[in-house]
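# Close look at the chain arrangement
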Amino acid sequence: MASVKELKKDINNVLGDIIEAVYIVEAANADQESKEGAKVIDEAIETFDTLIQKVNQRGVDNRKKHLTEVRQELEKKAGALVEKVNKLG
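Conventions adopted
Residues numbered from 1 in each chain as written. Predicted model: local features only at pLDDT ≥ 70, side-chain atom pairs only at ≥ 80, totals over all residues. Heavy atoms only, no water. Helix = DSSP H or I, 4+ residues; strand = E, 2+ residues; numbered from the N terminus. Buried < 20%, exposed > 50% of the residue type's maximum accessible area, 1.4 Å probe, protein only. Contact = heavy atoms within 4.5 Å. Areas by Shrake-Rupley, 256 points an atom, 1.4 Å probe, with all protein chains shown as cover. Axes fitted to C-alpha atoms, helices over the stretch in contact; angles between N-to-C directions. Parallel < 35°, antiparallel > 145°, perpendicular 65-115°, else oblique. Nonpolar A, V, L, I, M, F, W, Y, C, P; charged D, E, K, R; others polar. Expected span 1.5 Å × (residues − 1).

## Things to note about the overall build of the protein chain
Helices and strands together make up the secondary structure of the protein chain, namely 3 helices and 0 strands. Going residue by residue from the N terminus, the α and β elements of the protein chain occur as α-α-α. Counting only C-alpha atoms and orienting by the principal axes, one finds that the protein chain spans roughly 50 × 20 × 15 Å. Classification of the 89 residues of the protein chain by burial places 28% in the buried group. The contacts in the protein chain between residues at least 6 apart in sequence include a share of 70% that link residues at least 24 apart. Carbon and sulfur atoms form 49% of the exposed surface of the protein chain, whose accessible area is close to 6000 Å².

Spelled out as structure tokens, the structure:
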């Protein structure tokens, strides 16, 4: 398992890239600040907050298993967000 610091960086980078992709799609379509794009961005920020909060949880029984579950949740939610970004274009 990678370090907690690396997991936090991965969460930040993945969700940051998704937000950036929304801006790129909107710029390419000349549709700045669409409601659908704003929803995806809000969901990405909400996901970020939730995952970072889970990473910072103390007192979990099996920390390694907990962090593995957080990483899996990141992959699942990021995949769903990418699908939404693809539907914007």
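## Description of the packing of helix 1 (residues 4-28) against helix 2 (residues 35-55)
In the contact formed by helix 1 and helix 2, the axes pass within 10 Å of each other and the chain directions differ by 175°. Regarding the angle of helix 1 to helix 2, the classification is roughly antiparallel. In contact with Val4, Leu7, Lys8, Ile11, Asn12, Leu15, Ile18, Ile19, Val22, Tyr23 and Glu26 of helix 1, helix 2 contributes Gly37, Ala38, Val40, Ile41, Ala44, Ile45, Thr47, Phe48, Leu51, Ile52 and Val55. Split into classes, the residues belonging to the contact of helix 1 with helix 2 amount to 17 nonpolar, 3 polar and 2 charged.

## Some remarks on the packing of helix 1 against helix 3 (residues 63-88)
At a minimum axis distance of 10 Å, the contact between helix 1 and helix 3 shows a crossing angle of 5°. Our classification of the angle between helix 1 and helix 3 gives roughly parallel. Mapping the contact onto sequence places Val4, Leu7, Asp10, Ile11, Val14, Leu15, Ile18, Ala21, Val22 and Val25 in helix 1 and Arg63, Leu67, Val70, Arg71, Leu74, Ala78, Leu81, Val82, Val85 and Leu88 in helix 3. In terms of residue class, the contact of helix 1 with helix 3 is made up of 17 nonpolar, no polar and 3 charged.

## As for helix 1
End to end, helix 1 covers 36 Å across 25 residues, agreeing with the expected 36 Å (1.5 Å per residue, within 8%). Along helix 1, the residues that are buried comprise Leu7, Ile11, Leu15, Ile18, Ile19, Val22, Val25 and Glu26. Of the surrounding secondary structure, the elements contacted by the buried residues of helix 1 are helix 2 and helix 3.

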